[in-house]
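Observations on chain architecture
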Amino acid sequence: MGDRERRREKRRPPAVGRLLALLFWLAVLGWAGWQLQLRRERGEWPWTLWSSRGLGGVVVLPRSSWGAAAGRETPPRMDRPRRITLHHLGGRAVEELDRVEAGRTIKAIQQDHVGRRGWDDIGYHYVVDRSGRVWEGRPITRVGAHAGSAEANEGNIGVLLLGNFDLQAPAPRQLESARRLLDALRRKHGIARSSVSSHDDVRRGCGLAPTSCPGKGLAEWLERYREGGESSAMLEGPCPVSGAPDPRLVQSLPSKSRGLAEVRS
Ligand SMILES: [Zn+2]
């Protein structure tokens with residue numbers, strides 16, 4: 001055996017090293033398979049691997065995935081979201097839907113908002129279905145139409161959970177996705193837990209008539225979510241979260257309302 005061959009012999013990794021390398025690649029493959037399986041269960045596989053948009057680890061199905069029509073007109077810009085409002089769909093109870101049916105439901109909401117109500121686009125920024133899929137609604141860079149008035153919608157991200165939570169409980173996977181979405185949005189935009197509100201609280205805070213939205217089941221969950229973190233961060237935005245509106249604020253706000261009126265109560 002020449003010198004060169006002896007050196008090559010030395011460089012060859014020992015059995016333990018080879019075993020560790022094998023285990024590493026098995027773990028990588030296992031992890032990839034598990035990720036694919038998770039996506040498949042959510043009905044997001046395989047095409048969403050390249051068409052979904054991530055938001056702090058949350059997969060957001062893009063507008064194209066529910067066949068969104070282009071907005072009628074471009075809504076005003078929303079440069080700095082400061083609060084988040086939760087809604088339920090209301091009406092009849094909603095069962096777990098497959099991806100195609102859920103997409104059709106969101107499309108129908110857009111048609112209702114644009115066709116019947118004459119708004120610029122679907123009013124909500126995000127929709128969470130009962131399987132926990134998160135769907136993109138109105139682009140986050142645009143002011144939504146979900147809270148009840150121009151001032152209530154300003155800087156306000158609208159999140160809709162499919163269901164009627166006066167008639168049914170929110171689904172566990174839906175709540176888990178909602179929690180992850182809210183956390184990701186709060187991290188991204190620097191929004192305090194206390195600035196995540198129910199639709200009813202926002203309406204009352206802005207001096208509007210109360211609403212049953214987002215239903216008892218979701219309102220109770222939201223209370224617990226709000227208590228889960230930082231205590232009393234300053235409320236930002238023009239309307240107090242709950243209680244009587246500050247009359248000085250209400251009077252000083254513009255009363256323009258096209259495309260920014262009530263969505264559902
Ligand atoms: Zn609502």
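Residues numbered from 1 in each chain as written. Predicted model: local features only at pLDDT ≥ 70, side-chain atom pairs only at ≥ 80, totals over all residues.

Details of the overall build of the chain
- Across its full length, the chain holds nine helices and seven strands.
- Looking at the chain as a whole, 39% of its 265 residues qualify as buried.
- The contacts in the chain between residues at least 6 apart in sequence include a share of 76% that link residues at least 24 apart. (Helix = DSSP H or I, 4+ residues; strand = E, 2+ residues; numbered from the N terminus. Buried ≥ 20, exposed ≤ 12 C-beta atoms within 10 Å, placed from the backbone. Contact = placed C-beta atoms within 7 Å.)

Structural notes on the nonpolar core
- Residues Tyr126, Val127, Val128, Val159 and Leu181 are the most contacted members of the largest nonpolar core, which totals 31 residues.
- Breaking this core down by element, the ones donating at least two residues are β2 (58-61), β3 (83-88), α4 (99-116), β4 (126-128), β5 (134-136), β6 (156-161), α6 (172-189) and α8 (215-227).
- Not counting residues within four places of it along the chain, the set of residues in contact with Val127 comprises Ile106, Trp135, Gly137, Leu160 and Leu162.
- In terms of nonpolar packing, the next biggest core, distinct from the first, is built from five residues, Ala147, Ala152, Val202 and Cys206 among them. (Core = buried A, V, L, I, M, F, W, Y, C linked by C-beta atoms within 7 Å.)

Regarding the environment of Ser198
- Examined against the element boundaries, Ser198 turns out to sit in strand β7 (residues 196-198).
- The sequence separation of Ser198 and Leu218 amounts to 20 residues, and the corresponding C-alpha distance is 8.5 Å.
- In this structure, Ser198 is in contact with Leu86, Pro214, Ala219 and Leu222, ignoring residues within four places of it in sequence.

What to know about the confidence of the model for the chain
- Across the chain, the average pLDDT comes to 82, with 75% of residues at 70 or higher.
- Contacts of residues 240-265 to residues separated by more than four positions or lying in other chains number 45 contacts, the stretch itself having pLDDT below 50. (pLDDT = per-residue confidence, 0-100.)

With respect to the environment of Asp98
- Turning to its location among the elements, Asp98 is positioned in the loop between β3 and α4.
- Taking the number of C-beta atoms within 10 Å as the measure of exposure, Asp98 has 12 and is therefore exposed.
- With 32 residues separating them along the chain, Asp98 and Arg130 place their C-alpha atoms 9.4 Å apart.

A look at unusual backbone geometry
- With an omega dihedral of 15°, the bond running from Cys213 to Pro214 counts as a cis peptide bond.
- Tracing the sequence through the fold places Pro214 in the loop between α7 (199-205) and α8.

Points about α8
- With 13 residues, α8 ought to run about 18 Å at 1.5 Å a step, and its terminal C-alpha atoms sit 19 Å apart, in line with that.
- In this structure, the buried side of α8 is in contact with β3, β6, α6 and β7. (Expected span 1.5 Å × (residues − 1).)

Re the pairing of β6
- A large share of β6 lies buried, amounting to six of its six residues.
- Because side chains alternate across β6, one face comprises the buried residues Asn156, Gly158 and Leu160, and the other comprises Ile157, Val159 and Leu161, equally buried.
- With six bridges joining them, β3 and β6 adopt parallel strand pairing. Its bridge partner lying in β6, Thr85 is registered against Gly158.
- When β4 meets β6, the two strands line up parallel, connected through three bridges. When the bridges of β6 are listed, Tyr126 appears paired with Val159. (Pairing = 2+ DSSP bridges.)

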